[in-house]
Amino acid sequence: MNSSIIGKIEKAHRYAREPERVRVQNLEASFRGGHDDYTVRLTDGRWACSCHTFASHAVGTCSHVMAMQQLLGVMLSDDARYDRDTELAAPAATA
Ligand SMILES: [Zn+2]
């Protein structure tokens, strides 16, 4: 392996430990829930989920969206990272 590639790999390892460098703006993921598989989407900072809870509640979140917010953490914009209801439900995650 040439030294140029080795340098890039080392840089990638460093970058991977600095997730705040990354901003996820759009995303589509399949989420294996407790009862079924769901599709979770982030589009221009707004979350959506195909589950029943998300569709039937006006709060705009569900356990799948909340889990994605925790997984992605600092890689999300402020708008996508928190909404008021999530913040109230999990104050420790905002610290
Ligand atoms: Zn959901």
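Here we summarise the structure given alongside this text. (Residues numbered from 1 in each chain as written. Predicted model: local features only at pLDDT ≥ 70, side-chain atom pairs only at ≥ 80, totals over all residues.)

### Focus on the pairing of strand β1 (residues 26-32)
Buried residues are scarce in β1, accounting for zero of its seven residues. Across seven bridges, β1 lies against strand β2 (residues 37-43) in antiparallel orientation. Directly across from F31, in β2, lies its bridge partner Y38. The loop that links β1 with its antiparallel partner β2 comprises four residues. (Buried ≥ 20, exposed ≤ 12 C-beta atoms within 10 Å, placed from the backbone. Helix = DSSP H or I, 4+ residues; strand = E, 2+ residues; numbered from the N terminus. Pairing = 2+ DSSP bridges.)

### As for the nonpolar core
One finds Y38, V40, L42, W47, C49, C51, C62, V65, M68, L76 and A80 forming the largest nonpolar core, which totals eleven residues. Those elements that place two or more of their residues in this core are β2, β3 (46-49) and α3 (63-72). When residues of this core are assigned to their parent elements, the largest contribution, three residues, is made by β2. Those residues in contact with C62, other than ones at most four positions away along the chain, are C49, C51, T53 and F54. (Core = buried A, V, L, I, M, F, W, Y, C linked by C-beta atoms within 7 Å. Contact = placed C-beta atoms within 7 Å.)

### Observations regarding helix α1 (residues 3-16)
Given 3.6 residues per turn, any residue in an α-helix points the same way as the ones three and four places further on. Helix length check: α1, at 14 residues, gives a terminal C-alpha distance of 20 Å against a target of 20 Å (1.5 Å per residue), a fit within 8%. Counting buried positions over the 14 residues of α1 gives zero, only a small fraction of the element. (Expected span 1.5 Å × (residues − 1).)

### Overview of the pairing of β3
Where burial is concerned, the two faces of β3 differ: the one with W47 and C49 is buried and the one with R46 and A48 is not. Sheet topology places β2 next to β3; four bridges connect them, and they run antiparallel. From the neighbouring strand, T43 faces β3, where its bridge partner is R46. The hairpin turn running from β2 into β3, its antiparallel successor, is two residues long, and D44 in that turn takes a positive phi close to 50 degrees.

### Notes on the sheet that holds β3
Reading across from one edge, β1-β2-β3 is the order of the three strands in this open sheet, with antiparallel pairing throughout. Because the sheet does not close on itself, it has two edges, and the strands there are β1 and β3. Each strand of the sheet is rotated relative to its neighbour by a mean of 15 degrees, with strand direction disregarded. Contacting β1, β2 and β3, α3 runs over the sheet at an angle of about 55 degrees to β2. (Axes fitted to C-alpha atoms, helices over the stretch in contact; angles between N-to-C directions.)

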